Amino acid sequence: MVNNSEFPEADDFSGVKKRDVPEFGQGNSTLIAVGGEAGVQQLVADFYYYMDNEPEAATIRAMHSDDLTQSQQKLTTFLVGWMGGEDRYVERYGRMNLASAHRHLDIGYTEKQAWLACMQKALDAQPSYDELLKRFIMVRLSFPAEMCRNRN
């Protein structure tokens, strides 16, 4: 029998100590966990660094203009709202429809995976991000990434 006095929060059957797990996706908890808007700006800057420098991202990088300023601003604004912060995307850029906004681009499975790989590298570059936070973000971003795909 497990001595529950050492781990009073342990499961009576397994003896496994329960961990307090943050509830990402509740209110602005995700935005707080990434360091607020400044944290999102750093994440986006790192994302575009990998987009510029990873060979597997060359095709998706070529879909963007040489000057990434507007792309960075749009992605930052989108992610801040998506992570539970103030949703300013519509007032700055108009209504968001991911599928139609990317329809003019040739996005298949390979391009989607390259985008997600750059985001994973950017997440991994953030020293304060918990592994659970990174996984949460990647799982959640896989859905809009798939919505942008328009060919097999």
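Residues numbered from 1 in each chain as written. Predicted model: local features only at pLDDT ≥ 70, side-chain atom pairs only at ≥ 80, totals over all residues. Heavy atoms only, no water.

Here's the deal with the side chain of Gln126
Worth spelling out the cut-off: By definition, any uninterrupted DSSP run of H or I lasting at least four residues is a helix, any uninterrupted run of E lasting at least two residues is a strand, and each is numbered from the N terminus. Partly exposed residues are those whose accessible area sits between 20% and 50% of the maximum for their type, while under 20% is buried and over 50% is exposed, using a 1.4 Å probe and protein chains only. Only heavy atoms matter for contacts: two residues are in contact if any of them lie within 4.5 Å across the pair.
With respect to the element layout, Gln126 can be found in the loop between α7 (109-124) and α8 (131-148). Taking the relative accessible area as the measure of exposure, Gln126 reaches 6% and is therefore buried. If near-sequence neighbours (up to four positions away) are discounted, Gln126 is found in contact with Gln42, Leu43 and Asp46.

Here's the deal with the environment of Phe136
Topologically, Phe136 is positioned in helix α8. In this structure the C-alpha to C-alpha distance between Phe136 and Glu23, which are 113 residues apart in sequence, comes to 9.9 Å.

Some points on the layout of surface pockets
Quick reminder of the rule: Only protein atoms enter the 1 Å grid, on which a cavity is a set of points fitting a 1.4 Å probe that cannot get out and a pocket is an open set with protein on both sides within 12 Å along at least 5 of 7 lines, lining residues being those with an atom within 4 Å of a point. Grid points are joined across faces, edges and corners, and a volume is the space filled by probe spheres set on the points. Charged residues are taken to be Asp, Glu, Lys and Arg, nonpolar residues to be Ala, Val, Leu, Ile, Met, Phe, Trp, Tyr, Cys and Pro, and polar residues to be all remaining types, Gly included.
Taken as a whole, the largest pocket spans an internal volume of roughly 820 Å³. Elements with a contribution of two residues or more to the lining of the largest pocket: α4 (69-82), α5 (89-93), α6 (98-101), α7 and α8. Sorting elements by how many residues they give to the lining of the largest pocket places α4 first, with 6 residues. Looking at the lining of the largest pocket residue by residue, the classes come out as 18 nonpolar, 7 polar and 5 charged.

Observations concerning the pattern of salt bridges
Side chains that carry opposite charge are capable of pairing whenever their charged atoms lie near each other. Put simply, the rule is: Salt bridge, as used here: a side-chain nitrogen of Lys or Arg that lies within 4 Å of a carboxyl oxygen of Asp or Glu.
Applying the stated criterion across every chain yields a total of 9 salt bridges. In this structure, the salt-bridge partner of Arg151 is Asp106, at a minimum N-O distance of 2.7 Å. Pair noted here: Arg151 is in the segment after α8 and Asp106 is in the loop between α6 and α7, with a separation of 45 residues, a long-range link. Given the relative accessible area of 48%, Asp106 is considered partly exposed. With a closest N to O distance of 2.9 Å, Glu146 and Arg149 form a salt bridge. Given the relative accessible area of 31%, Glu146 is considered partly exposed. Classification of Arg149 as partly exposed rests on a relative accessible area of 24%. One salt-bridge network, held together by shared partners, links Asp106, Glu111 and Arg151.

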